[in-house]
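Residues per chain are reported as follows:
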Amino acid sequence: MNLTQSTAILRTHQTNLKERKITENCADMWPDRRLLELFGIEVPIVQAPMAGAMDWELAAAAAQAGALGSLPCAMLDADQVREQLGKIRAHTTKPINLGFFCHAQPVLNNQREARWRERLAPYYRELEIDPAAPVPPSNRGAFDGTFCEVVEELKPEVVSFHFGLPEPALLRRVKAAGCVVISSATTVAEARWLEGRGVDAVIAQGYEAGGHRGIFLGDDIATQAGTFALVPQIVDAVRVPIIAAGAVADARGIAAAFALGAAGVQIGSAYLWCPEAKISKPHRAALKTASEQGTALTNLMTGRPARGIINRVMREIGPMSDVAPAFPLAAGALAPLRARAEAKGSGDFSPMWAGQAASLGRSLPAGELTRALAAEALERIRAFAEPKPEDATRA
């Protein structure tokens, strides 16, 4: 080993020690500790539950590093939730969030389904797939009695919902199980609605956020606000802690969220860069070349608006189309195309979810990324609070 290599190893070791020390002793350093106390975590970061892009491994690593690790359950059945949470518990005893969807079951529309199949038929023929083959089912389940029984059995520290909340009887059972309840709001009205129904914290999801929009009181995405506009207005409108989400991918975003009045942040796209993320090779490659203009909201992939990296099908059909069936049915007819294209190394038909700040990600293990984000954010927050030399001169 030469001197250069030894010096690099020493610097890495010193950096890791610094990050670990800051993370372990940072509970009293954050300007707002409500989220830390509510969840029982060490750093005010919620690792976003990203269905189809991760499993227990990412959640466990983020949790062990002090964040709130989240397991997405919308694409799992009850037994799979038990299995995945069991693996998490075998690796960490830190608090965990189980994330669920709360969408209404779609009404089948044969005419619309046929139009969607017809629109995709040229792609089927191009990839040598039978256009008349049966459509695979779309495996995104809404929170129901079966999932509620799993929650009552497993008693996760936190349960999060997307697209609103489950029916009141189910929500009462979740809270009776001792779980903290959080949900996403994309407008001030949604935040007030959630608070009025007893959530313990609100995720303020800005327009920049990757993945599915959590919108549930309307369907006009054109008027939705970005994170910088949305967070302070929700902070002023409700009393529960606010979690900022949308284009928060580094320490600057975390510090900005606190300046806007948030008590913490939810981070998704930055975690997709981690080796623990279970995304396709095309998706991982696309992240590395992403730009602020490289994503768009689309309903083609599932039937609901979601932000992802622009690919061929989004360009050629248009990211938003009234031909796409209701959520989550649109995903079914796309599934064979996605599988065939990904086997050839292409993401032409894949939902490559990512936010507008995805390019700020770093290829670090999830635990290391969590500690680095916390340490770097605290450094920035401290720098804002400390007087500058010129300020002392003026005084």
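Residues numbered from 1 in each chain as written. Predicted model: local features only at pLDDT ≥ 70, side-chain atom pairs only at ≥ 80, totals over all residues. Heavy atoms only, no water.

Q: So, the sheet that holds strand β9 (residues 264–267): which residues are in play, and what are the values?
A: Across the sheet, eight strands lie side by side as β1-β9-β8-β6-β5-β4-β3-β2; this open sheet has parallel pairing. The open sheet terminates on both sides in strands that have one partner only, identified here as β1 (45–47) and β2 (69–72). On average, adjacent strands in this sheet sit at an angle of 25° to one another, irrespective of strand direction. Looking at chain direction, strand β6 (residues 201–205) and strand β8 (residues 242–245) are connected through four bridges and run parallel. Its bridge partner lying in β8, Val202 is registered against Ile242. The strands touched by helix α3 (residues 56–64) within the sheet are β1, β2 and β3 (96–101), with β2 carrying the most contacts at an inclination of about 165°. (Pairing = 2+ DSSP bridges. Helix = DSSP H or I, 4+ residues; strand = E, 2+ residues; numbered from the N terminus. Axes fitted to C-alpha atoms, helices over the stretch in contact; angles between N-to-C directions. Contact = heavy atoms within 4.5 Å.)

Q: Account for the environment of Ala121, naming residues and giving values.
A: Here Ala121 is to be found in helix α5 (residues 110–126). The sequence separation of Ala121 and Ala333 amounts to 212 residues, and the corresponding C-alpha distance is 9.7 Å.

Q: Run through the pattern of salt bridges, naming residues and quoting values.
A: Enumeration according to the criterion identifies 18 salt bridges in this entry. Residue Glu152 is joined to Arg173 by a salt bridge in which the shortest nitrogen-to-oxygen separation is 2.9 Å. Taken together, the residues span a long stretch of sequence, with Glu152 in helix α6 (residues 145–154) and Arg173 in helix α7 (residues 168–176) at a distance of 21 residues. The closest approach of N and O atoms between Asp250 and Arg252, which form a salt bridge, is 2.6 Å. (Salt bridge = Lys/Arg side-chain N within 4 Å of Asp/Glu carboxyl O.)

Q: Residues and numbers for the packing of helix α4 (residues 78–91) against α6, please.
A: Following both chains from N to C, one finds α4 and α6 inclined at 25°, their axes separated by 9 Å at the closest point. When the interaxial angle is binned, α4 and α6 end up roughly parallel. Where α4 crosses over α6, the two elements pack in a sense that is right-handed. Two secondary-structure elements touch here, α4 through Ala78, Val81, Arg82 and Leu85 and α6 through Thr146, Phe147, Val150, Glu153 and Leu154. (Parallel < 35°, antiparallel > 145°, perpendicular 65-115°, else oblique. Left-handed = near helix turned anticlockwise from the far one by under 90°.)

Q: Outline the nonpolar core, listing residues and values.
A: Core analysis: the largest hydrophobic core is formed by 100 residues, its most contacted members being Trp30, Phe39, Phe143, Phe161, Ile234, Ile254 and Tyr271. Look past the residues within four positions of Phe39 in its chain and what remains in contact with it is Val46, Leu68, Pro95, Val158, Val180, Ile182 and Ile243. In this structure, Leu300, Met301, Val313 and Met314 belong to the second largest nonpolar core, which totals 22 residues. (Core = buried A, V, L, I, M, F, W, Y, C linked by side-chain atoms within 4.5 Å. Buried < 20%, exposed > 50% of the residue type's maximum accessible area, 1.4 Å probe, protein only.)

Q: Describe the sheet that holds strand β10 (residues 295–298), and please don't skip the residues or the numbers.
A: The sheet built from three strands is open, its strands ordered β7-β11-β10 with antiparallel pairing. In this open sheet, the two strands that pair with only one neighbour each are β7 (211–212) and β10. In this sheet, strand β11 (residues 306–309) lies alongside β7 in antiparallel orientation, the contact comprising two bridges. Along β11, the bridge assignment pairs Gly211 with Arg307.

Q: Please give an account of the packing of α6 against α7 that cites residues and values.
A: At their nearest, the axes of α6 and α7 sit 9 Å apart, and the two run at 10° to each other. Judged by the inter-axis angle, α6 sits roughly parallel to α7. Residues Gly145, Cys148, Glu149, Val151 and Glu152 of α6 lie in contact with α7, whose contacting residues are Leu170, Arg173 and Val174. Here the contact of α6 with α7 is composed, by residue class, of four nonpolar, one polar and three charged. (Nonpolar A, V, L, I, M, F, W, Y, C, P; charged D, E, K, R; others polar.)

Q: Please give an account of the pairing of strand β5 (residues 180–185) that cites residues and values.
A: Judged by how many residues are buried, β5 sits mostly within the fold: six of six residues are covered. Across the two faces of β5 the burial is the same, with Val180, Ile182 and Ser184 and Val181, Ser183 and Ala185 all buried. In the sheet, strand β4 (residues 158–162) pairs with β5 via four bridges, with the strands oriented parallel. Directly across from Val159, in β5, lies its bridge partner Val181.

Q: Describe helix α9 (residues 227–237), with residues and values.
A: Within the span of α9, buried status applies to Thr227, Leu230, Val231 and Ile234. Projected down its long axis, α9 carries its buried residues within an arc of 95°, all on one side. Residues of α9 that are exposed and angled more than 90 degrees away from the buried face: Phe228 and Asp236. Close packing links the buried residues of α9 with β5, α8 (188–196), β6 and β8. (Arc of directions from axis to C-beta.)

Q: I'd like to hear about the environment of Leu217, residue by residue, with values.
A: In this fold, Leu217 is placed in the loop between β7 and α9. We classify Leu217 as partly exposed; its relative accessible area is 45%. For Leu217 and Gln105, which are 112 residues apart along the polypeptide, the C-alpha to C-alpha distance reads 16 Å. Once you skip the residues sitting within four places of it in the chain, Leu217 turns out to touch Ala189, Glu190 and Trp193.

Q: An account of the pairing of β6 is needed here, citing residue identities and associated values.
A: Buried residues dominate β6, accounting for five of its five residues. Burial of β6 is two-sided: the residues Ala201, Ile203 and Gln205 facing one way and the residues Val202 and Ala204 facing the other way are all buried. With four bridges joining them, β5 and β6 adopt parallel strand pairing. By the bridge assignment, Ser183 is partnered in β6 with Val202. What joins β5 to β6 is α8, and the crossover it makes is right-handed. (Right-handed = clockwise from strand over helix to strand, strands pointing away.)

Q: Explain the confidence of the model for the protein to me, and be specific about the residues and the numbers.
A: Detailed reading of the predicted coordinates is not advisable wherever pLDDT is low. Of the residues in the protein, 91% reach a pLDDT of 70 or more, and the chain-wide mean stands at 92. In the model, residues 3–10 has pLDDT below 50 throughout and makes two contacts with residues more than four positions away in sequence or in other chains. (pLDDT = per-residue confidence, 0-100.)

Q: Before we move on, could you go through the packing of aromatic side chains and cite the residues and values that matter?
A: Counted under the stated rule, the structure contains 11 aromatic pairs. Consider the rings of Phe100 and Phe143, whose centres lie 4.9 Å apart with planes at 70°: the pair is edge-to-face. Of this pair, Phe100 sits in strand β3 while Phe143 sits in the loop between α5 and α6, and the two are 43 residues apart along the sequence. Just as Phe100 is buried, Phe143 falls in that class too. Three or more aromatic residues joined by ring pairs form one cluster here, namely Phe100, Phe143, Phe147 and Phe161. Directly above the ring of Tyr124 sits Arg117, whose terminal nitrogen or CZ lies 5.7 Å from the centroid. In this structure, Arg304 is placed above the aromatic ring of Phe163, and the distance from its NZ or CZ to the ring centre is 3.8 Å. (Phe/Tyr/Trp six-rings, centres within 6.5 Å; stacked < 30°, edge-to-face > 60°. Lys NZ or Arg CZ within 6 Å of the ring centre and 35° of its normal.)

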